[in-house]
4 protein chains.
Amino acid sequence: MQVQPVTRHKVAIVGASGYTGVELVRILANHPYMKIASLVGDSSAGQQYAAIHPAFQFLDLPQISSFGDFDPEAHELTFCALPHGASQRIVSAIANRTRVVDLSADFRLRSVEQYEIWYGRKHQAAELQAKACYGLTEFYRTEIAGSRLVACTGCNSATGLYALLPLVQARVIKLDRITIDLKTGVSGAGRSARVAMLHAEISEGCRPYSVSRHRHLAEFDQELSIAADEPVRVVFTPHLVPQNRGILATVYVIGDASQIHRTLARRYADERFVSVLPLGDIPGTRDVRGSNRVHLGVAADRNPGVVKVFSVLDNLTKGSSGQAVQNANLMLGLDEDAGLGMLPLLP
Amino acid sequence: MQVQPVTRHKVAIVGASGYTGVELVRILANHPYMKIASLVGDSSAGQQYAAIHPAFQFLDLPQISSFGDFDPEAHELTFCALPHGASQRIVSAIANRTRVVDLSADFRLRSVEQYEIWYGRKHQAAELQAKACYGLTEFYRTEIAGSRLVACTGCNSATGLYALLPLVQARVIKLDRITIDLKTGVSGAGRSARVAMLHAEISEGCRPYSVSRHRHLAEFDQELSIAADEPVRVVFTPHLVPQNRGILATVYVIGDASQIHRTLARRYADERFVSVLPLGDIPGTRDVRGSNRVHLGVAADRNPGVVKVFSVLDNLTKGSSGQAVQNANLMLGLDEDAGLGMLPLLP
Amino acid sequence: MQVQPVTRHKVAIVGASGYTGVELVRILANHPYMKIASLVGDSSAGQQYAAIHPAFQFLDLPQISSFGDFDPEAHELTFCALPHGASQRIVSAIANRTRVVDLSADFRLRSVEQYEIWYGRKHQAAELQAKACYGLTEFYRTEIAGSRLVACTGCNSATGLYALLPLVQARVIKLDRITIDLKTGVSGAGRSARVAMLHAEISEGCRPYSVSRHRHLAEFDQELSIAADEPVRVVFTPHLVPQNRGILATVYVIGDASQIHRTLARRYADERFVSVLPLGDIPGTRDVRGSNRVHLGVAADRNPGVVKVFSVLDNLTKGSSGQAVQNANLMLGLDEDAGLGMLPLLP
Amino acid sequence: MQVQPVTRHKVAIVGASGYTGVELVRILANHPYMKIASLVGDSSAGQQYAAIHPAFQFLDLPQISSFGDFDPEAHELTFCALPHGASQRIVSAIANRTRVVDLSADFRLRSVEQYEIWYGRKHQAAELQAKACYGLTEFYRTEIAGSRLVACTGCNSATGLYALLPLVQARVIKLDRITIDLKTGVSGAGRSARVAMLHAEISEGCRPYSVSRHRHLAEFDQELSIAADEPVRVVFTPHLVPQNRGILATVYVIGDASQIHRTLARRYADERFVSVLPLGDIPGTRDVRGSNRVHLGVAADRNPGVVKVFSVLDNLTKGSSGQAVQNANLMLGLDEDAGLGMLPLLP
């Protein structure tokens, strides 16, 4: 099915073995205008990618190389899928020699001070923060297209922001009465060995986590305050549910359900990856699993003025790697939706 | 291990093949002071119980009999585990000849009018409603002990009420700012064939349901308004998560976290089945799976005055069948915790 | 990403709401040379497809029509994804007016007598059976390309046949010592309401089923006997495991591991959708989930002469709907792999 | 419900935080004649047990102590639930001062040579091996009752041995034609951080493992050869399925189905924890989840002489911690089934 265009842009994935790295491979291997020219990972350097992920053994992928052997200039764009903290050193070493789409949290915050407050350490590439663009594509399209360093959003943040940003911008909800109750699958925790993420610890149960302070709050604060032009501080509670993919944000706001629905429907009318369901229809995370899509639903509560907005996306696709490719498309001057036609996997 | 007391009270289970029926069998088969004398079910009459639930074939259980052959007077107490609507006819036929613990929704509401509003039909045993006692044991202990008809609570309602009733009674939260975001496992939907409840429709995803109107709201309204002595109307959103057992209620309230925590800790200090975790500790549904317990947690939000109260229970145990046995213990003059020592199953 | 070719063949899906129907929509909506011109289903006629499967609401799909309104001649090919038994009536009504790829069991057996034996009733379109071609693409390529009625294989059968057919043809294993122990996900049971398929009945457990007689045995008998040119009767035990997609066949044979591995490797060397792993490497069902691929592994047992062959595929993709599209590609003269580049979804 | 006998035997659990340790706590906390006097664990010494497993915070349990502070003589029996290898050092230090039930693999093999072959290192307490008794209760009852060191079986081995030992002893099957295809849940892999055991790596898929050599084979070889009085070498393939608890062994043998069924039925007629289902009935792992039970089923294959025997148990209960308590009951002269009446958790 792959149509071979005349030229395909060479791209690299640094940190290719984790879940966002795997998802990048899944998307990019079928991308009509990009070609995975390098897979970089220090811990697995020298191995075939299929030795780590046998699912992909039939693909013609480069062998994994060490970062020391990586030549950023040979790539028009580099996806950096490293853990938080590790990313800033790598990105600062390559950012002037290749476009970078970073999937970590390291460049999401505009303020160096806020980074230190939320992440508890000094940023090691503070000067780059100023240049980085926040990667919520539908809201920063022009900036992303002109940027050489884009920081993909947190997956939790993205889920909430799709529901809230248009409402805050349009001032159709009370800014001091926003509550986000979020349910998230486990792949967002990454592919590192942790007792708390074992199947035997996760399945058959759900639980809240980071209830008093979660780092994705920093992004909510930043983006909603910009949109409102005044400080906005949401109430936010993430919960871990026993599924691999998918985030559902249940957002409680104060406003008029019809106006809220209309505001969202208008804002996203021309967005290919965002669907606003008819008023009263409710999305589930399975509706978007494996796709680069957001589904939004709006329902009035029986208490006048209380409205529930529901937002779902796949944390690995629209919440990180799909979003990353969408941004990369813009940065390389391609169609924004190139390579992103994957449909939801049901069931 | 079973210690045989001199006498064991004869009890019956009407509607024994569904999930609350199975859970009653699991509990009662090991109960030191009750004996399952009859299993009643019209659709499976004449069968051995093990033909439906082979897990229990080693138990010495009576054959399933039809309701027509059921003699209520031969039983000191009858558990009625029928679907909503079906229960009221059966209960009205037997209520003057045996004590009844009803697990359906048919006798939970005190008001005949409210029943019609929420359930959309006339109650067929309206006169019995007045006599029925609401089965939230820790709050209606004396009434339950003296009652001959106890209506077990909805499992969702119970989860929220354990968190809220002491706070409403003590007036330490704002009554018009209560939001309950609830996550529930699938066994609450019962053991009937429905496409929406297939494994292939449930696993790997979560979704809200009945977001604008859920019948358990009627119980919240009733019980919280009694506690407040004024109308209370919570905001409530249930969500289906891919696990068999367990409900987590995340309750957003306005108040002081320490005072809220103290109020709950004091209220439940002497309750064997309810634990209030240290302030800031957060429960998960796996902590109580298979046990007759409630765990409550309290955490302050970063926004001053906003407090999150978390409540977990197993919908089939403390949320229905365990609660039913706890109530039956009271009605028969037994120790309230007799037969209810089952510990959580981990993992 | 979709490249619009000059012409796309009009195809129809009859029975579009079940799981194989949904999977056909997932594949065909991105197919470069086919266009879904009709969705046909009597029970959901008049509805939008998104009303049944909201995941697909952003797709431009035809409204579901009744079979009475369906014009087979307007379609170059019709996928028939109806339940067993229902399919033969429909197919016999349209088979002379459109090419048909049938996903049911109705046309898999060459012998009318065998059909009656295994399915317990007379075939209603016996004359069509003779014309139907068995849809195991890699083994019936030429016949499929020239056929107007192709019967896709059973998903269990396909999983076993990929492992066994080359070995039986090459006579490198003992024909009377073949045991197939198969583990299958639940989506193969279809999207109809059954208590046994509820999430609460499936999750957290596995069990054998149809251990003495399973209809897919008829296909094993038919195809392996043809390959051997003598009757072959395998031992076969299917098991239900708590996952939505994926089948794993563990096949116990008597032979030489290296020879067996070499036989499989050679046979599939040029097959795009079948990978034979290095000797000793073992596949899992997740390696192929959502893709149109088969992975095969071979390992010697410690007992000399005993060899284990492992075969995995996704029952909905390579096991039915992906196979169906692969066959349709051949029937329409297209590239065999057109539209089938979907990569496995991990995790 | 707990009946307090006059005296309860003081027991210790060394290695209490892993899954077999947790299961021991679940069982022993309700045991009528044993009392958990010490919980020992070096890595968690000084902590409350509830800090690790909040599910048990309402229990009155001793604080976790270090092994250095552990006085074996203060305990009539010590359960040792440490990982393989670690156990032999600990057990050799305490075995002459307390009865020991060891749940690791360290003392299962009678032969020091076999231990070295299968575990790849010298045994550090070889002299104790001779004294240790294999803990398959129903087959070593007398020896266990008189032993001071009992080695609980591997959970996989136990599942297969319940099906096979009576058949081998009675010589009703061919000894060189035994194939065990085993499906096991993930809790058997323990509660240590491993990428391969993450929820995101396990759910929605199954796969074989250790297909050429699995250590539990050593137990099959040992016990079946003793039973046969000649070497028996089964074919064995374990598979990981996405569930927490439960093992299903599908055992393919050559013999007469009725004779096989009769042999099993007679052998287990008086065994409280083993049920042989009617001929043709098939067990599933959910039937025994959380209970100390084994269910066995027998079905004839369509190929004359081929018989399938199915065996299910819960790996954490009858496969390890329940078995351990059953053995401890015998060693302490208690009723064998004391404290083991837990019923299966459905669903």
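Owing to the predicted nature of the structure, the values given are computational and were not obtained by experimental measurement.

S.K.: Help me get a handle on the sheet that holds strand β7 (residues 149–151) of chain D, residues and values and all.
M.R.: All names here are of chain D. With respect to topology, seven strands assemble into an open sheet ordered β3-β2-β1-β4-β5-β7-β6, the strand pairing being parallel. Each of the sheet's edge strands pairs with one partner strand only, and the pair in question is β3 (64–65) and β6 (133–134). Both strand β1 (residues 9–14) and strand β4 (residues 77–80) contribute to a ladder of four bridges, which runs parallel. Each bridged residue has a counterpart across the sheet, and for Ile13 the counterpart in β4 is Phe79. Packing against the sheet, helix α1 (residues 19–28) makes contact with β1, β2 (34–40) and β4, and its axis sits at approximately 160 degrees to β1.

S.K.: Talk me through a positive patch on the surface; I want residue IDs and the actual numbers.
M.R.: Taken together, the side chains of Arg89(A), Arg121(A), Arg213(A) and Arg215(A) make up a positively charged region of the molecular surface. For Arg215(A), the position within the fold is in the loop between β9 (207–208) and α9 (216–228).

S.K.: Can you break down the packing of aromatic side chains residue by residue, with the values?
M.R.: Each pair of aromatic rings is reported with the distance of its centres and the angle of its planes. Counted by the stated rule, this structure contains 32 aromatic pairs over all chains. Taken together, the ring pairs connect Phe139(A), Tyr162(A) and Tyr268(A) into an aromatic cluster. In this structure, Arg267(B) packs its charged tip against the face of Phe139(B), placed 4.4 Å from the ring centre. Residue placement shows Arg293(D) over the ring face of Phe58(B); its charged tip is 3.4 Å from the ring centre.

S.K.: Let's hear about helix α4 (residues 112–119) of chain B: which residues, and what values?
M.R.: Residue and element names in this part refer to chain B. The set of residues buried in α4 consists of Tyr115, Trp118 and Tyr119. Down the axis of α4, the sector holding all buried residues measures 80 degrees, keeping them to one side. Buried residues along α4 sit in contact with α3 (86–94), α5 (126–131) and α9 (216–228). Where α4 begins, one side-chain oxygen reaches toward the backbone nitrogen of Glu113, 3.1 Å away; that side chain belongs to Ser111. Downstream of α4 by one or two residues, Gly120 has phi in the positive range, about 70 degrees.

S.K.: Give me the lowdown on the relation of the copies chain C and chain A, citing residues and values where you can.
M.R.: Each copy superposes on the other: chain C lies on chain A with an RMSD of 0.0 Å after a rotation of 180 degrees and an axial shift of 0.0 Å. The symmetry that links the two subunits is that of a two-fold axis. Here 100% of the interface residues in chain C have copies in chain A that are interface residues too; the copies meet face to matching face.

S.K.: Tell me about the interface of chain A and chain B, residues and numbers included.
M.R.: Each side of the interface is counted separately: chain A has 48 residues, and chain B has 48 residues. Between chain A and chain B, a total of about 3700 Å² is buried, with carbon and sulfur atoms accounting for 52% of that surface. Broken down residue by residue, the surface that chain A buries against chain B is led by Glu204(A), Arg286(A) and Arg302(A), which jointly contribute 20%. Taken together, chain A and chain B are joined by six salt bridges. Between Lys183(A) and Asp181(B) there is a salt bridge; the shortest N-O distance is 2.9 Å.

S.K.: Give me the interface of chain C and chain A: which residues, what numbers.
M.R.: At the interface, 44 residues of chain C touch 44 residues of chain A. Contact between chain C and chain A buries roughly 3400 Å² in total, counting both sides, with carbon and sulfur atoms accounting for 65%. Applying the counting rule to chain C against chain A returns zero salt bridges. The interface formed by chain C and chain A includes six residue pairs in polar contact (both at pLDDT 80 or more). In terms of residue count, the dominant contributor to the side of chain C that touches chain A is helix α1 (residues 19–28) of chain C (five residues).

S.K.: Now, about the pattern of salt bridges: what can you tell me, with residues and values included?
M.R.: All names here are of chain B. In the structure shown here, the tally under the stated rule is 80 salt bridges over all chains. Close ionic contact of Asp314 with Arg245 constitutes a salt bridge, the shortest N to O distance being 2.9 Å. Here the residue Asp314 occupies a position in the loop between β14 (306–313) and α11 (317–331), and Arg245 occupies one in the loop between β10 (235–240) and β11 (247–254), the gap between them amounting to 69 residues. Asp314 sits in the buried class, given a relative accessible area of 0%.

S.K.: How would you summarise the confidence of the model for chain A if you had to cite specific residues and measurements?
M.R.: Of the residues in chain A, 98% reach a pLDDT of 70 or more, and the chain-wide mean stands at 96. As scored by the predictor, the complex reaches a pTM of 0.97 and an ipTM of 0.96.

S.K.: Lay out the relation of the copies chain A and chain B in plain terms, naming residues and giving numbers.
M.R.: Note on the identical chains: chain A maps onto chain B by a rotation of 180 degrees and an axial translation of 0.0 Å, with an RMSD of 0.0 Å. Comparing interface residues between copies, 100% of those in chain A also sit at the interface in chain B, which points to an isologous, same-surface contact.

S.K.: Explain the environment of Asp314(D) to me, using residue names and the numbers behind them.
M.R.: Sequence separation between Asp314(D) and Pro344(D) is 30 residues, and the spatial gap between their C-alpha atoms is 9.5 Å. Ignoring any residue separated from it by four or fewer positions in sequence, one finds Asp314(D) in contact with Arg245(D), Gly246(D), Val288(D), Arg289(D), Gly290(D), Ser291(D), Arg293(D) and Gly319(D).

S.K.: Which residues make up the pairing of β1(D), and what values go with them?
M.R.: Across a regular strand the side chains alternate sides, sitting on one face of the sheet and then on the other. All names here are of chain D. The buried fraction of β1 amounts to five of the six residues, a majority that puts the element mostly inside the structure. Note: β1 against β2, six bridges, orientation parallel. In the strand pairing of β2, Lys10 is matched with Lys35. Crossover β1 to β2 through α1 is right-handed.

Definitions and limits used
Residues numbered from 1 in each chain as written. Chains lettered and ligands numbered in written order. Predicted model: local features only at pLDDT ≥ 70, side-chain atom pairs only at ≥ 80, totals over all residues. Heavy atoms only, no water. Pairing = 2+ DSSP bridges. Helix = DSSP H or I, 4+ residues; strand = E, 2+ residues; numbered from the N terminus. Contact = heavy atoms within 4.5 Å. Axes fitted to C-alpha atoms, helices over the stretch in contact; angles between N-to-C directions. Patch = residues over 30% accessible without salt bridge, like charges linked within 9 Å, V, L, I, M, F, W, Y side chains within 5 Å. Areas by Shrake-Rupley, 256 points an atom, 1.4 Å probe, with all protein chains shown as cover. Salt bridge = Lys/Arg side-chain N within 4 Å of Asp/Glu carboxyl O. Lys, Arg positive; Asp, Glu negative; His and termini not counted. Charge placed at Lys NZ, Arg CZ, Asp CG, Glu CD. Phe/Tyr/Trp six-rings, centres within 6.5 Å; stacked < 30°, edge-to-face > 60°. Lys NZ or Arg CZ within 6 Å of the ring centre and 35° of its normal. Buried < 20%, exposed > 50% of the residue type's maximum accessible area, 1.4 Å probe, protein only. Arc of directions from axis to C-beta. Polar contact = N/O pair within 3.5 Å; in protein donor to acceptor, adjacent residues only side chain to side chain. Least-squares fit on C-alpha atoms with pLDDT ≥ 70 in both. Buried area = accessible area lost by both parts, 1.4 Å probe. pLDDT = per-residue confidence, 0-100. Right-handed = clockwise from strand over helix to strand, strands pointing away.

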